[in-house]
Protein chains: 2
Amino acid sequence: MANLSSIKQHPTLSVFLPLFHTAWSDANLSELEVKEFTKYIKQAKWIDKAEKPHLLTKINAENPPAASELHQWEREIKLAIADATKIEKLSDISLFLAKKYLPDDLSSSFSNIKNDLDKVEKNLGIISKEAIYLYTQGHDTITTSHKTQSSFDIGQMQELLDGDQSEIIEKVKSIITRPEFEYVDSSNLNAYREQVLKWCKILAKEGLGAMAFPKKYGGGGDMKAYFSIMETLSFHDLSFVIKFGVQFGLWGMSIQSLGTEKHHKKYLRKIGKLQLPGCFAMTETNHGSNVKGIETTATYNHENKTFIIHTPHPLARKEYIGNAALHGRMATVFAKLIIDEKDYGVNAFVVPLRNPKGKLHQGVSIEDCGLKMGLNGVDNGLISFDHVEIPLADMLDKYASINENGKFESPISSDNRRFFTMLGTLVGGRIGIPRSGLSAAKTGLAIAIRYGNQRRQFGPEGGEEVPILNYRMHQRRLMPLLANAYALHFALQYITFRFLNRTKDDMQEIEALAAGLKAFTTWNTTSTLQECREACGGKGYLSENRIGSLKADTDIYTTFEGDNTVLMQLVAKGRLTTFKKEFGEMNMITLLNYIADQAKTSIKEKNPFTVRKTTDEHLLDVEFHLSAFHYRDRAIVSSAAKRLKRHIDNGMDSFDAMNVSQHHLFNVGNAYIERVILEQFVLQVEKTTEPTLKATLKKLCQLFALSQIEKNRGWYLEQGYMNGSKTKAIRKMVNQLCWEIRQDAVPLVHSFGIPESCIGAKILRED
Amino acid sequence: MANLSSIKQHPTLSVFLPLFHTAWSDANLSELEVKEFTKYIKQAKWIDKAEKPHLLTKINAENPPAASELHQWEREIKLAIADATKIEKLSDISLFLAKKYLPDDLSSSFSNIKNDLDKVEKNLGIISKEAIYLYTQGHDTITTSHKTQSSFDIGQMQELLDGDQSEIIEKVKSIITRPEFEYVDSSNLNAYREQVLKWCKILAKEGLGAMAFPKKYGGGGDMKAYFSIMETLSFHDLSFVIKFGVQFGLWGMSIQSLGTEKHHKKYLRKIGKLQLPGCFAMTETNHGSNVKGIETTATYNHENKTFIIHTPHPLARKEYIGNAALHGRMATVFAKLIIDEKDYGVNAFVVPLRNPKGKLHQGVSIEDCGLKMGLNGVDNGLISFDHVEIPLADMLDKYASINENGKFESPISSDNRRFFTMLGTLVGGRIGIPRSGLSAAKTGLAIAIRYGNQRRQFGPEGGEEVPILNYRMHQRRLMPLLANAYALHFALQYITFRFLNRTKDDMQEIEALAAGLKAFTTWNTTSTLQECREACGGKGYLSENRIGSLKADTDIYTTFEGDNTVLMQLVAKGRLTTFKKEFGEMNMITLLNYIADQAKTSIKEKNPFTVRKTTDEHLLDVEFHLSAFHYRDRAIVSSAAKRLKRHIDNGMDSFDAMNVSQHHLFNVGNAYIERVILEQFVLQVEKTTEPTLKATLKKLCQLFALSQIEKNRGWYLEQGYMNGSKTKAIRKMVNQLCWEIRQDAVPLVHSFGIPESCIGAKILRED
């Protein structure tokens, strides 16, 4: 006990322990510290001169006290704090120690000494409260004590989200939570694929596969329910969802939408029961986004009224075709129709692939796509046709047919329009996929947010470790994504409604909405799951916590049913023409007329008052949000139009003009979609009557609006629509909303109603 | 041939075919089109009155011509274009058709008619050139013809990148391109793990594992080469790299850095030969980022001079420990040292796990972490100790030891400083990981850029399909990431150099640099590989093209060796103290003094001239770039300090103050790191002498600088450092640089020198 005896031998030291130890706590003495201490010690009259040299040895920057001595000091300080009645400054500790170690005569005059020590403390910039935390327990902070405090009823919120679909949603959940739906090891490829097929068969048996087919063919006649099924299934295994979608959505719906009664009668019942597994064979190796360029041919032979389906070269093989590698028995094949050597463009044909025993038909070759990043429960394949003959009746002839004279006929005279009308019937896929992707994002958020609420790491000096969801960065990473999930939920309900109630006149707008929401939502899924993975740290990387498979499985969502970047260009073209024109492909001549019109649009002047307005009331005002989103939508489309017109007027080739404006057009698409999403969220808040739900949704809507504006602040500042102090105030408000919503975050993810067995993440405790 | 006879019966129609067909090409007639056509037909004197009603039937918006008739028109137009000598306007086609079908008397007066038709064309806003593309072949555009044109020598660039490490790099490549390094099926978990171990053994045999160990223990004594090995290996399988890094970097280097000669002698030779596989057991389930909080105990018993290593509860198990599930025989275990019931903080101990036959030692339990998102060739495990006894000699005692009296001793008296000094010796991992991550990003870029150069999709009307790398959006997605890869290459060489030449005085700065570059680089890897996956579409999703495994394997890089978000906070703290203080943990009292200093810093006034300056010369000027990055770095740190000080002055608890400023501090870290990266890139450009290399690197450096400024433009605009017209000009310049660099993009990825067998992507042709 060399050190303790040191204090006893040199009791004056006891008075300096708090200051010295605090100063050494970062392992260095600064020049200022040495200077202040030395000055005080040298001039202090109460210190015995003989003691001064000893004291000065303790503040030699080159020679710190030994670890054991520092430990001894710390123990003395802690004992003092435990025993003393009032500790507000370091000098209070000194006072206590003085009484313990100094002769009575000195300690009686200690109030003067204490004043001097307080001055030293102040000169060193020490904040007493902070210094004392080093030695105490139970340091509580606002950050530590923030916690979940549900401000609404979870059941009611779930009801609001499910709406009139709660019955079918509950039915699906009752199925996918059965023991036979327990997740399987996805690394055993064959077993996984067979399991996924079995799951699909169970759903077919329950009548869910045929939900969208007409009742007279054994279906449910309920397309709305079909979307809800896709969405709810997506809380479970995503290979399962995609396999389900390929069979009933793509294969079945292509027969329903592109075929006529004879096809419906022949196929739909069997498809709905999964007695006839099939494929949707559109994409080829060389042509994906540019479907018009596919090269498979269907050559008509009028003599025996047959088509010859043929793959002219290996890069024209059908690629990535779901259900092809193993289970598909037939396929809807898109091919260029050739009659008398004339090309009549892309049409659809039903082509057999395998007999019921699984043997490939003559002329059909199929290769397995092999392992993929994800979705390995789906058997994707490459299909090649070598002069496969099919009867005339197997042309899907709703939009084009061959008459008795062997001539091409179509109710739609324009080749372009016919092609895009055919594609347009498949727009349902661009609704199903984002709804599935959003479910995956919701699951990711449920895992990351609940984990963030449980996981504690770091904390104030002497205090408890803090739930990581209380940290600002963590909130900033997850809360805006939670708001996005709610926003997109309502936006996808809206596009579903529009699609189900479509008329010929608004198809262009519906297609643009579906394309844009597909792109926006699936990108949001990718970025949400990335944040969720990182927010769960190493736990997020373990397969047992499911974020890995959610990420890997949905990664392709940004590509299939249309590459997102290409889709956003299409949305932009639609927006430029105010959806009056053929959306998918429009030749430049037509487009240029619209562009000229748009370029004339003048955008309302900025209001110099609101440019600078930063009151909380204004920043949270829905009218401000709507105005900002509308302004951006209109201003970007107008400037893109002006830019295109300028290029064309300067003689630039229109294709080049479109290319140099691609990035601008991309923003046109985004601005439009963001505006629509906000509008739908606002409408939802308006029509919600229950006050706690309304208040919660309103806050989420505010966060959605402001975090989008923050994301786009560079643009708003460039435009002069807001000034710098306003965008800074918006950032602060986003922080505040994140902080407030954090309290409701756990209940908000519970409201998604994801069955616990589907979430399936081992890290989560009950909460 | 009903239609052809229709033209013969009504030859006047022939004159209108080009205009009518063009108008119908988008499947709709607009009101304007109907009006213009009708007006002209009604007043045209040359048209026989009897013909007019027939002509008007062809422009009835409600009743379009049949598909077969439109096809007939199109054929007539194409024949005309093929036969006519000069076609500049649609009326030139009309002229040709008039000569073919109209009576001679009419065609002689056709020049007047042609003038009238030109007026109609103009009124409709038709751009003749564009209209004619609908019917012609060979439409060439600037976008179409842009292509790879290497402006430098690939070999020379590769030499520049490899520098003085080319010998070891070539040696590693000569090994990993051997047939036995062919990639294996990663879905067969056991076989994969064993294969990875075999690969590591081959490297050990070649002397590469021990490269960084002292020569006297069989090592190469060359830490620089060790980093180059990690980097080059990362062109191959990443599980292999991580397993290699665990064995030789973490396990071996912990013995080397934390142990003393007795440990070196006993273990290093065996570790270097991989005769003694081992682990680095630091992280626990409940404590990852907050390592100081780990709960495993090492209780000293002075009687028999042993430690008891113990896991007090399941959440204190060592988790994610590489090499633990199968192969590790010993581990460096971090545990709280307890002597006489007093806690002396975290120390390191060598603990045996398995005997040479693989049987677990008494008291050691290990559980497999199971499948992970990636890196499944590494056998991560959970380790639990139940009162495992080890001898005193197996404490790694470089920084702390127990003396003959059973007392704790250390050359570093501060517990904090000792702890962070220990951690500091492991900073090499924070250099190895980003260098590995960058290699993975380079491989992704090589795949996506070469594929983008090959893949053609869409094209101008009547022209060839265009390589997708010629599209602006595609360039914008990939070129800035290519510039980042080059920028980070030089930045990581710089931190390596600083680390290898470190002194005690600059360790804080080096640790901050390593932490920040680790975070910046690994996030850049994640986002680069995400873009690369999407840029390759469906092909990117197939495992055979490797992006999937690169993405999945590197996803954890943002978490391990320190969570990136936490690391950026540490960088910020270091930056606030200008790296003068203990970087890892610093108590608030110390920090506050520095903050007060920083808050006083006044940032140079903006120059009102350069705020608005948008000349190309200025935008490309390196001085402008450096000033902007420096300004941002200084201004953000100063405003963060002011903000913290304001909160503290207002009485906010310091922990809360740090929390509400987290996002701000995050930006402090980023701004600092971005500035360092730019500086190093600029230095590299300056010292490059060969003119073509210099010019190419300069352009990449400009793109790096401007794309970072563009990313941060919201901030620059808020600050008033630039105005809106300048940030717009910067965006335009980024576009231009992307366009120019696209020409060199393929040679630039070839210059990375990645062996073709390592890239291993089936989609790539030779190029």
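It should be emphasised that the depicted structure is a prediction, and the values quoted were computed from it without experimental measurement.

Procedures and definitions
Residues numbered from 1 in each chain as written. Chains lettered and ligands numbered in written order. Predicted model: local features only at pLDDT ≥ 70, side-chain atom pairs only at ≥ 80, totals over all residues. Heavy atoms only, no water. Pairing = 2+ DSSP bridges. Helix = DSSP H or I, 4+ residues; strand = E, 2+ residues; numbered from the N terminus. Axes fitted to C-alpha atoms, helices over the stretch in contact; angles between N-to-C directions. Least-squares fit on C-alpha atoms with pLDDT ≥ 70 in both. Contact = heavy atoms within 4.5 Å. Buried area = accessible area lost by both parts, 1.4 Å probe. Salt bridge = Lys/Arg side-chain N within 4 Å of Asp/Glu carboxyl O. Polar contact = N/O pair within 3.5 Å; in protein donor to acceptor, adjacent residues only side chain to side chain. Nonpolar A, V, L, I, M, F, W, Y, C, P; charged D, E, K, R; others polar. pLDDT = per-residue confidence, 0-100. Buried < 20%, exposed > 50% of the residue type's maximum accessible area, 1.4 Å probe, protein only. Disulfide = S-S within 2.5 Å. Expected span 1.5 Å × (residues − 1). Phe/Tyr/Trp six-rings, centres within 6.5 Å; stacked < 30°, edge-to-face > 60°. Lys NZ or Arg CZ within 6 Å of the ring centre and 35° of its normal.

1. Observations regarding the sheet that holds strand β7 (residues 364-368) of chain A
Residues and elements named next belong to chain A.
Reasoning step 1: On the basis of which strands lie adjacent, the open sheet formed by three strands has the order β4-β8-β7 and antiparallel pairing. At either margin of the open sheet sits one strand with a lone partner, and together these are β4 (318-321) and β7. Within the sheet, the average angular offset between the axes of one strand and its neighbour, ignoring direction, is 25 degrees.
Reasoning step 2: Pairing of β4 with strand β8 (residues 381-385), which is carried by two bridges, proceeds in the antiparallel orientation. From the neighbouring strand, Ile321 faces β8, where its bridge partner is Gly381.

2. A word on the relation of the copies chain B and chain A
Reasoning step 1: Expressed as a screw operation, the relation of chain B to chain A combines 0.0 Å of axial shift with a rotation of 180 degrees, fitting to an RMSD of 0.1 Å. A rotation of that kind, with that shift, is consistent with a two-fold axis. Minimal C-alpha distance to the rotation axis in chain B is attained by B:Gly714, lying at 2.0 Å.
Reasoning step 2: The share of interface residues of chain B whose copies in chain A are also at the interface is 99%, consistent with both copies meeting through the same surface.

3. Observations regarding the interface of chain B and chain A
Reasoning step 1: Contacts between the two partners involve 126 residues from chain B and, on the opposite side, 125 residues from chain A.
Reasoning step 2: For the pairing of chain B and chain A, the buried interface totals around 9,900 Å² over both sides, and the portion due to carbon and sulfur atoms is 51%.
Reasoning step 3: For the pair chain B and chain A, the number of links is ten salt bridges.
Reasoning step 4: For B:Glu319, the salt bridge goes to A:Lys539, with nearest N and O atoms at 2.8 Å.
Reasoning step 5: Seen at the junction of chain B and chain A, the total is 79 residue pairs in polar contact (both at pLDDT 80 or more).
Reasoning step 6: Looking at the side of chain B that touches chain A residue by residue, the classes come out as 44 nonpolar, 46 polar and 36 charged.

4. Overview of the confidence of the model for chain A
Reasoning step 1: This prediction gives chain A a mean pLDDT of 93; 97% of its residues lie at or above 70.
Reasoning step 2: Here the prediction assigns the complex a pTM of 0.95, and the interface score ipTM is 0.94.

5. Some remarks on the side chain of B:Ser254
Reasoning step 1: Here B:Ser254 lies in helix α15 (residues 238-258).
Reasoning step 2: Classification of B:Ser254 as buried rests on a relative accessible area of 0%.

6. Points about the state of the cysteines
Residues and elements named next belong to chain A.
Reasoning step 1: A complete count under the given rule lists zero disulfides over all chains for this structure.
Reasoning step 2: We note that Cys701 lacks a disulfide partner, and the nearest cysteine sulfur, in Cys738, lies 15 Å from it.
Reasoning step 3: When its relative accessible area of 1% is taken as the criterion, Cys738 is described as buried.

7. Details of helix α6 (residues 90-101) of chain A
Reasoning step 1: The end-to-end C-alpha separation of α6(A) is 17 Å, in line with the 16 Å expected for twelve residues at 1.5 Å each.
Reasoning step 2: Considered for burial, the residues of α6(A) that qualify are A:Leu90, A:Ser91, A:Asp92, A:Ile93, A:Ser94, A:Leu97, A:Ala98 and A:Tyr101.

8. Here's the deal with the sheet that holds strand β7 (residues 364-368) of chain B
Residue and element names in this part refer to chain B.
Reasoning step 1: Spatial ordering of the open sheet is given by β4-β8-β7, a layout of three strands whose pairing is antiparallel. Either end of the sheet is taken by a strand with one partner, and the two such strands are β4 (318-321) and β7. Between one strand and the next, the sheet's axes are offset by a mean angle of 25 degrees, whatever the strand orientation.

9. A short note on the pattern of salt bridges
All names here are of chain A.
Reasoning step 1: A full pass over the atoms with the stated rule returns 82 salt bridges over all chains.
Reasoning step 2: Here Glu740 ties to Lys699 by a salt bridge, and the two come within 3.0 Å at their closest N and O atoms. Of this pair, Glu740 sits in helix α32 (residues 724-750) while Lys699 sits in helix α30 (residues 691-711), and the two are 41 residues apart along the sequence.
Reasoning step 3: A residue is classified by how much of its surface remains accessible, and Glu740, at 27% relative accessible area, is partly exposed.

10. Some remarks on the pairing of strand β3 (residues 306-310) of chain B
All names here are of chain B.
Reasoning step 1: For β3, a buried count of four out of five residues is recorded, marking the element as mostly surrounded by other parts of the structure.
Reasoning step 2: As judged from the five bridges shared by strand β2 (residues 297-301) and β3, these two strands associate in the antiparallel manner. Each residue of the ladder has a partner; that of Thr297, found in β3, is His310.
Reasoning step 3: For β3 and strand β9 (residues 388-391), the ladder comprises four bridges, and the chain directions are antiparallel. Among the inter-strand pairings, Ile308 is bridged to a residue of β9, identified as Glu389.

11. Here's the deal with the pairing of β8(A)
All names here are of chain A.
Reasoning step 1: With five of five residues buried, β8 lies mostly within the body of the structure.
Reasoning step 2: Alternating positions in β8 separate into two faces, Gly381, Ile383 and Phe385 on one and Leu382 and Ser384 on the other, with burial throughout.
Reasoning step 3: Bridge analysis of β7 against β8 gives five bridges, and the strand direction is antiparallel. Each bridged residue has a counterpart across the sheet, and for Ser365 the counterpart in β8 is Ser384.

12. Side note on the packing of aromatic side chains
Reasoning step 1: If you walk through the whole model with that rule in mind, you get 58 aromatic pairs over all chains.
Reasoning step 2: Ring centres of B:Phe307 and B:Phe349 lie 4.9 Å apart, and the angle between their planes is 65 degrees; on these two criteria the pair is classed as edge-to-face. Taken together, the residues B:Phe307 in strand β3 and B:Phe349 in strand β6 (residues 342-352) connect sequence positions 42 residues apart. Accessibility assignment for this pair places B:Phe307 and B:Phe349 in one class, buried.
Reasoning step 3: One aromatic cluster is present, built from ring pairs that chain together A:Phe16, A:Phe20, A:Phe37, A:Tyr40, A:Trp46 and A:Trp73.
Reasoning step 4: The positively charged end of A:Lys342 is found above the aromatic ring belonging to A:Tyr344, 5.3 Å away from the centroid.
Reasoning step 5: Lying over the aromatic face of A:Phe499, A:Arg502 brings its terminal NZ or CZ to 4.1 Å of the ring centre.

13. Re the environment of A:Tyr133
Reasoning step 1: Tracing the chain through its elements places A:Tyr133 in helix α9 (residues 128-133).
Reasoning step 2: Spatially, the C-alpha atom of A:Tyr133 lies 5.9 Å from that of A:Gly462, the residues being 329 residues apart in sequence.
Reasoning step 3: Beyond its immediate sequence surroundings of up to four residues, A:Tyr133 is in contact with A:His139, A:Glu461, A:Gly462 and B:Asp653.

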